[in-house]
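Read off the chains here:
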Amino acid sequence: MSPEKTVNLEKFAADADKPSASTFSPAEAKRIVHDLFARNPVIYWVDFLASFAVGSVCFALVRRTPLFSPQQVVCFVISALAYYRAALFIHEIVHFPRGVMTTFKVVWNILCGTPFLLPSFVYQTHHDHHRKTTYATDRDGEYLPFARRPRWEIVKYLLSSFIIPPLVVFRFAILSPLAWISPRFRAWVHAHASSMVIDPKYIRPEPTPRELFWIRVQEALCFLWVWGVFLVPPIFLGRWPIPFLVQAYATAVLVVLINALRTLGAHRYAFEPHPVDFSEQVLDSLNYPYRWWIAELWAPVGLRYHAVHHLFPSMPYHNLGRAHRRLMAQLPSDSPYRQTIRRSLLAQLRDLWREAGKASSARRG
C-alpha cells in the first residue's frame, strides 16, 4: 500500500474485525523490536533540560524586543514550541513504571508541572486510553468519534484552546482550596476537573489513598505558584504582572492549540463508543514518518509515531522511529500496519474534516 493512500473510514470501522489478506500480529511485531525497550536516561535529561532552557530564554527575550517586531515573533514562537516539547514529557512520565527515573519525574514536576499548571497527576488517566477494555469507550477520556460527529465538534474542540488556560488557573487557585475543606466537593473536583482529556463528559475514577496524597502535594504546589504570581509582584516589587500574564496566556493558548491539532491527527477517530480489540486500537492510530523537521515541531517526544506507541506503550520515545523503520522493513508488504502511515498532519485533518462532513450529510439525509 502506498503511504499516501488513505483508508476509507466506513470500511475501516465496519470491517476492522474481519481477517485481511495479511493479518496483523502484535506478537510478531514485538519480536522484531524486542531490543528497543531500554530507556536511555541521558537522552531524557538532555532533551528535556535543553527544551526547557531554550523555552525560558526565548520567553524572557519576548519582552525585551520591540513589540510585534520580527524578533519578538520569532522568540515567541520558539518559546512556545520549546515549552511544548518540554511539557509533553508528561506523556513519557505516565508510562514510567513505579520507581523508574523518579528524580526525572520530580524535576519535571518542579520545572514544568507546577509553573505550567500541568502536574503529572492530571494525565494519569492516560492509561485508560491504552487498555483494550476502555479504548474508544466512554471510559476513555482521550477519544471522541470526530469522524462520526458533525464538523462543529472539531471546531468546538479547537476553540476550547482559548478558554482552557484561564479554566486551569481557576481550578488550582480557587477549586483546590475549596476541595481541601469539603470532601463532597473534593469528589466532584477529582471526577470532573482533574484530568487532561478531550471528552468533557469524562468522569475520573476515585483515587487510591496513595494517589490522593500525591495529588494534594501537586495541587498545593500549583496553588502556591498561581497566588505567588498574582501577589508577589505588587507586594514586593510594586507593580502588577500584567505583561507577564498576557504573554503567559498567549503562549499557553498557542501550546494548547498545537496540541489540539496534534491530537486530532493522532487517530482516525472512526469508532463510536464500544470496546475494540488491540489490533483495531493500533490501526486506528497513525504514524507520521515523513518531513521529520516539521513533524517534530507539532508532535515531539515520539508522538509522531502514535501507532507504534499504542503498539508498544512502554517503549521509550527515542526508539519509536527505529521501531517503525524495522516494522516497515520486516512486516509483509500487505500488512495492515502500513495503513497507519500518513504523509502529513494537514492531509489527516483534511480527511477527518471530510469524513465528519459525510457523517453530517448522512444524518440530514
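See the structure printed just above.
Calculation rules
- Residues numbered from 1 in each chain as written.
- Predicted model: local features only at pLDDT ≥ 70, side-chain atom pairs only at ≥ 80, totals over all residues.
- Heavy atoms only, no water.
- Patch = residues over 30% accessible without salt bridge, like charges linked within 9 Å, V, L, I, M, F, W, Y side chains within 5 Å.
- Areas by Shrake-Rupley, 256 points an atom, 1.4 Å probe, with all protein chains shown as cover.
- Salt bridge = Lys/Arg side-chain N within 4 Å of Asp/Glu carboxyl O.
- Helix = DSSP H or I, 4+ residues; strand = E, 2+ residues; numbered from the N terminus.
- Buried < 20%, exposed > 50% of the residue type's maximum accessible area, 1.4 Å probe, protein only.
- Polar contact = N/O pair within 3.5 Å; in protein donor to acceptor, adjacent residues only side chain to side chain.
- Core = buried A, V, L, I, M, F, W, Y, C linked by side-chain atoms within 4.5 Å.
- Contact = heavy atoms within 4.5 Å.
- Expected span 1.5 Å × (residues − 1).
- Phe/Tyr/Trp six-rings, centres within 6.5 Å; stacked < 30°, edge-to-face > 60°.
- Lys NZ or Arg CZ within 6 Å of the ring centre and 35° of its normal.
- Axes fitted to C-alpha atoms, helices over the stretch in contact; angles between N-to-C directions.
- Parallel < 35°, antiparallel > 145°, perpendicular 65-115°, else oblique.
- Left-handed = near helix turned anticlockwise from the far one by under 90°.
- Nonpolar A, V, L, I, M, F, W, Y, C, P; charged D, E, K, R; others polar.
- Arc of directions from axis to C-beta.

Novice: Mind showing me how you'd approach a nonpolar patch on the surface here?
Specialist: Together, Phe170, Ile174, Leu178, Trp180, Ile181, Trp227, Phe230, Leu231, Val232, Ile235, Phe236 and Leu237 make up an exposed nonpolar region whose accessible area comes to about 1200 Å². Counting residues per element, the ones that place at least two in the nonpolar patch are helix H8 (164-181) and helix H10 (209-237). Looking at which element gives the most residues to the nonpolar patch, the answer is H10, with seven residues.

Novice: Would you explain the side chain of His129 in this entry?
Specialist: With respect to the helices and strands, the residue His129 is situated in the loop between helix H6 (102-113) and helix H7 (151-159). For His129, a relative accessible area of 2% translates into the label buried. Within the structure, the side chain of His129 is placed 3.0 Å from the side chain of His267, a separation counted as a polar contact.

Novice: Would you take a moment to explain the environment of Ala323 for this structure?
Specialist: In this structure, Ala323 sits in helix H15 (residues 320-330). With relative accessibility at 0%, the residue Ala323 sits in the buried group. Each C-alpha atom of the pair Ala323 and Ser285 lies 15 Å from the other, and the pair is 38 residues apart in sequence.

Novice: Any chance you could explain the nonpolar core here in plain terms?
Specialist: Inside soluble globular proteins, nonpolar side chains tend to come together where they are buried. Ranked by size, the top nonpolar core spans 40 residues in total, and within it Tyr44, Phe48, Phe89, Phe104, Trp108 and Trp298 carry the most contacts. Of all the secondary-structure elements, those providing two or more residues to this core are helix H3 (41-62), helix H4 (70-87), helix H5 (89-93), H6, H8, H10, helix H11 (242-264) and helix H13 (292-298). Examining the composition of this core, we find that five residues originate from one element, H4, more than from any other. In contact with Phe48, not counting residues within four places along its chain, are Ala86, Phe89, Phe104, Val107, Trp108, Leu111 and Cys112.

Novice: Please clarify how H4 should be interpreted in this entry.
Specialist: Owing to its 3.6 residues per turn, the α-helix brings residues three or four apart onto one side. The end-to-end C-alpha distance of H4, which contains 18 residues, comes to 26 Å, matching closely the 26 Å that a straight helix rising 1.5 Å per residue would cover. Within H4 the residues assigned to the buried category are Gln72, Cys75, Phe76, Ser79, Ala80, Ala82, Tyr83, Tyr84, Arg85, Ala86 and Ala87. Structurally, H4 contributes buried residues whose contacts are with H3, H5, H6, H11 and H13.

Novice: Which parts of the structure should I look at to understand the pattern of salt bridges?
Specialist: Taken as a whole, this structure holds 13 salt bridges when the rule is applied. Between Asp47 and Arg85 there is a salt bridge whose closest N-O contact spans 2.8 Å. Separated by 38 residues along the polypeptide, Asp47 in helix H3 and Arg85 in helix H4 bring together distant segments of the chain. Overall, Asp47 belongs to the buried group, its relative accessible area being 15%. Put simply, Asp47, Arg85, Glu296 and Arg304 are held in one network by salt bridges that share partners.

Novice: What exactly am I supposed to notice about the packing of aromatic side chains here?
Specialist: Here the distance between the centres and the angle between the planes together describe a pair of aromatic rings. Under the counting rule described, the total for this entry stands at 28 aromatic pairs. An aromatic cluster of three or more residues is present, and its members are Tyr44, Trp45, Phe48, Phe52, Phe59, Tyr83, Phe89, Phe96, Phe104, Phe116, Phe244 and Tyr317. If you follow Lys30 out to its NZ or CZ, it ends over the ring of Phe37, 5.7 Å from the centre.

Novice: Sorry, what's going on with the packing of H8 against H10 here?
Specialist: Think of two packed helices as two axes; the pair is described by the angle between the axes and how far apart they sit. One can describe the packing of H8 onto H10 by two numbers: an axis separation of 9 Å at closest approach and a directional angle of 125 degrees. The angle between the axes of H8 and H10 places the two elements in the oblique class. When the axes of H8 and H10 are compared, the crossing they make is left-handed. Here Val169, Arg171, Phe172, Ala173, Ile174, Ser176, Pro177 and Trp180 of H8 come into contact with H10, specifically with Glu219, Ala220, Cys222, Phe223, Val226, Trp227 and Phe230. Looking at the contact of H8 with H10 residue by residue, the class counts come to 12 nonpolar, one polar and two charged.

Novice: For this particular structure, what's the right way to read H3?
Specialist: Between its first and last C-alpha, H3 extends 32 Å over 22 residues, near the 32 Å set by a 1.5 Å rise per residue. When we look at burial in H3, the residues that qualify are Tyr44, Asp47, Phe48, Ser51, Phe52, Gly55, Cys58, Phe59 and Val62. Buried residues of H3, viewed axially, fall in a sector of 140 degrees; they line one side. The outward face of H3, more than 90 degrees from its buried face, is lined by the exposed residues Val42, Val46 and Val57. Residues of H3 that are buried in the fold lie against H4, H5, H6 and H11. Capping the start of H3 is the job of one residue whose side-chain oxygen sits 3.0 Å from the backbone nitrogen of Val42: Asn40.

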